[in-house]
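# A look at the structure
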Amino acid sequence: MEPIDALAKTRRAPQLLVLALLLGAHPGTQGEMQVSVPPLVEVMRGESATLDCTPLGVYDHFLLEWFLADRSGARHLLAKAEVQGSEVQPRVHSSRGRSPQYQLDERGRLVLPEVQVGDERDYVCVVTAGAADTAEATARLRVFAKPEATDVSSNKGTLSVMENFAQEIATCKGRNGNPAPQIKWYRNQQLLQVPMEVNSNGYMTSRTVREASGLQSLTSTLYLRLHKADREASFHCSVHYSLPQGQHGRLDSQPFHLTLHYPTEHVQFWVNSPSTTEGWVREGDSVQLSCRGDGSPSPEYTFYRLQDMKEEVLKTDLEGNLTLERVQRGQSGTYGCRVEDYDAPEDTDLSQTLELRVAYLDPLKLSGGEELSLPLGSGVAVNCSVQGLPTPVLRWTKDSAPLGDGPWLSLSNITFDSAGTYTCEAYMPTVPLLSRTRTLKLLVEGKPELRPEETQPKAEGSWREGDEVRLVCSARGYPEPKLSWSELGGTLAEPVPGGQGWVSSSLTLKVTNVLSQNGVSCVASNPHGHTQHIFHFGTLAPQTSQAGVAVMAVAVSVGLLLLVVAAFYCMRRKGRPGCCRQGEKGAPPPGEPERSHSGSQRPEQTGLLLGGASGGGRHGSGGFGDEC
């Protein structure tokens with residue numbers, strides 16, 4: 001008797017055959033029943049994956065089962081769910097050692113938390129509704145993993161360009177990716193098209209390793225035949241990897257350079273610093289001569305000087321620099337540099353020479369010395385001479401104003417304006433900062449020149465007595481003149497700022513009638529003579545308003561004095577009730593007896609108004625009847 005399982009398999013064999021035929025025509029169908037399953041599910045490593053299985057059609061009751069298909073084709077039940085209307089009873093059958101375990105959600109979908117590369121399998125969903133209706137479909141899970149940072153290890157040795165075979169350049173690694181990444185090589189950002197087959201010009205090798213985690217690591221090694229042009233080339237590699245939904249990523253390594261050995265082909269020799277565009281150097285400077293060959297590693301350099309067609313070796317080193325401290329004019333000449341590179345071809349010229357030209361400028365000489373004293377109105381010619389190489393240019397200036405080029409300074413009809421400091425400058429247009437100067441101080445002797453600063457002019461007759469005025473007198477000459485005033489109070493003579501030899505003195509005073517008639521004089525004098533200037537003020541204006549006030553004041557004073565005298569006189573009179581009243585000569589008023597002047601009356605009582613000392617008014621008819 002056959003086992004039950006074997007019998008069941010025998011009975012189901014035709015059904016499986018029909019199922020296979022139906023799946024070939026329409027995946028996910030068997031018989032009349034159909035089921036919907038995504039054929040490919042892509043997910044990144046570490047994320048959760050959800051596999052959906054949905055029967056097409058309306059079924060009140062069915063059984064949903066999830067199986068894991070291994071590489072041999074065998075199926076292993078993972079979970080199942082019985083669906084009755086809207087109720088789902090999920091149950092995980094076996095997780096086959098997976099952690100975390102498989103899960104079934106409320107819709108019967110298979111959930112794989114924290115997907116790993118080992119979960120990259122085929123998952124079969126089988127749906128059974130009743131005894132005859134069964135359908136199944138397969139979902140393939142694909143897991144992607146981004147590789148770690150790209151690591152490159154370059155050849156640290158010295159690679160010779162004279163080798164005629166490909167040498168190892170660098171090894172690039174892309175670790176722990178899924179699926180296996182690809183490695184590409186670049187030179188100066190350009191993709192290198194190198195084959196995998198070994199040849200003398202260049203190739204690369206690759207090796208893929210599956211790690212214990214299931215992830216894959218790729219190692220690639222680049223081999224190239226090198227050339228001198230690669231001495232400054234930048235190399236790098238990049239790891240290219242796949243992502244879900246057909247996307248791709250790229251991880252570049254750090255760039256690197258190679259150390260190459262190549263012979264010298266060209267030599268350069270020049271004056272490094274300081275130097276002019278014309279190749280001149282200044283006497284006294286420290287000059288550096290530089291020599292460079294284009295070989296690697298740096299060759300040995302020999303510096304020499306050619307004298308009488310013979311080489312005088314000056315220095316041998318690996319730096320390629322020769323310094324001449326405080327160079328002198330006698331060091332001008334031909335200098336050479338030779339590169340000692342024994343790998344260079346025999347027909348390569350490894351020597352270069354240059355002409356060192358030392359510019360110099362001797363101190364200047366003036367034919368008339370550095371100070372000249374000349375009389376007013378005379379003339380002079382001064383020569384400025386100098387020795388230098390290259391030939392210097394001479395020019396004269398006065399107070400920074402150019403007078404002309406050339407060695408001669410000619411002056412005629414000299415004035416006080418001609419006095420001052422003259423500068424002779426020698427310079428070289430082709431050698432900047434190399435120049436010398438010499439100054440000449442010219443003194444002009446003569447009678448002082450006077451320059452008064454007039455007062456603010458007023459109209460004739462507008463000056464009044466007591467007005468204050470400030471007078472300024474300026475003078476120049478050599479020897480320096482002295483300034484004096486006809487009035488006291490003048491200040492000491494002081495140089496005028498920027499005045500070109502002028503000195504000045506000031507005097508502040510008040511205008512008087514005497515000054516208006518005589519004026520104020522300023523005198524400038526030195527051993528050659530003197531010069532005078534008189535400041536005039538003209539006729540002073542009359543004091544009209546002040547005189548009127550004075551007259552009125554005098555009149556009022558006199559009037560008041562007369563009133564006081566009259567009052568005093570009345571008080572001194574005795575027995576005259578009508579005193580101080582104006583009366584007529586003759587009889588007294590009615591009812592009043594006539595009074596006569598007593599001869600005993602004192603003269604001062606009666607002579608105050610009469611002006612007589614003898615009191616003659618006391619007798620006869622010559623007196624006043626009522627005197628007040």
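All of the points below concern the structure found in this document. Everything numeric here is computed off the predicted structure, so don't read it as measured data.

To continue, consider the state of the cysteines. Tallied over the full model, the rule gives five disulfides. Disulfide partner of Cys-172: Cys-237, at an S-S distance of 2.1 Å. Its torsion about the S-S bond being 75 degrees, the disulfide of Cys-172 and Cys-237 is classed as right-handed. Of this pair, Cys-172 sits in strand S15 (residues 167–177) while Cys-237 is found in strand S20 (residues 235–242), placing the two residues 65 residues apart along the sequence. Side by side, Cys-172 and Cys-237 carry an identical accessibility label, which is buried. A sulfur-sulfur distance of 2.0 Å marks the disulfide that ties Cys-384 to Cys-424. On the sign convention where negative is left-handed, the bridge of Cys-384 and Cys-424, at about -90 degrees about the S-S bond, is left-handed. Residue Cys-384 is found in strand S33 (residues 380–385), and its partner Cys-424 is found in strand S38 (residues 420–427); the two are separated by 40 residues along the sequence.

For the rest of this paragraph, the subject is the sheet that holds strand S19 (residues 216–224). The sheet built from four strands is open, its strands ordered S13-S15-S19-S18 with antiparallel pairing. Of all strands in the sheet, those with a lone pairing partner are strand S13 (151–154) and strand S18 (202–210), marking the two edges. Across this sheet, the average inter-strand angle for adjacent strands is 15 degrees, counted without regard to direction. The sheet contact formed by S18 and S19 spans nine bridges and is antiparallel. In the strand pairing of S19, Met-204 is matched with Leu-222.

This brings us to unusual backbone geometry. Cis geometry marks the peptide bond from Ser-99 to Pro-100, where omega comes out at 0 degrees. Along the chain, the position of Pro-100 falls in the loop between strand S8 (87–92) and strand S9 (103–104). Each neighbour pair has its own omega, and for Ser-296 with Pro-297 the value is 0 degrees, a cis peptide bond. Residue position: Pro-297 is located in the loop between strand S25 (287–293) and strand S26 (300–307). Despite not being glycine, Asn-413 has its phi angle at roughly 50 degrees, a positive value. Note that Asn-413 resides in the loop between strand S37 (408–411) and S38. According to the relative accessible area criterion, Asn-413 is exposed, its value standing at 57%.

The rules behind the values
- For every chain, the first residue of its written sequence is number 1, and the numbers climb from 1 along that sequence.
- In keeping with the predicted nature of the model, local features appear solely for residues at pLDDT of at least 70, side-chain atom pairs appear and are counted solely at 80 or more, and the whole-chain, interface and lining totals rest on all residues.
- Side-chain numbers come from the whole structure's heavy atoms, not from hydrogens or water.
- Here, the term disulfide refers to a pair of cysteine sulfur atoms separated by no more than 2.5 Å.
- Here a helix means four or more residues in a row that DSSP labels H or I, a strand means two or more in a row labelled E, and each is numbered from the N terminus.
- Remark: exposure states derive from per-residue accessible area (1.4 Å probe, protein chains only) relative to the maximum for the residue type, with buried under 20%, exposed over 50%, and partly exposed in between.
- Any two strands with at least two DSSP bridges between them are considered paired.
- To define axes, lines are fitted to C-alpha atoms, for helices over the stretch in contact only, and angles between the resulting N-to-C directions are given on a 0 to 180 degree scale.

Structural measurements only, silent on function.
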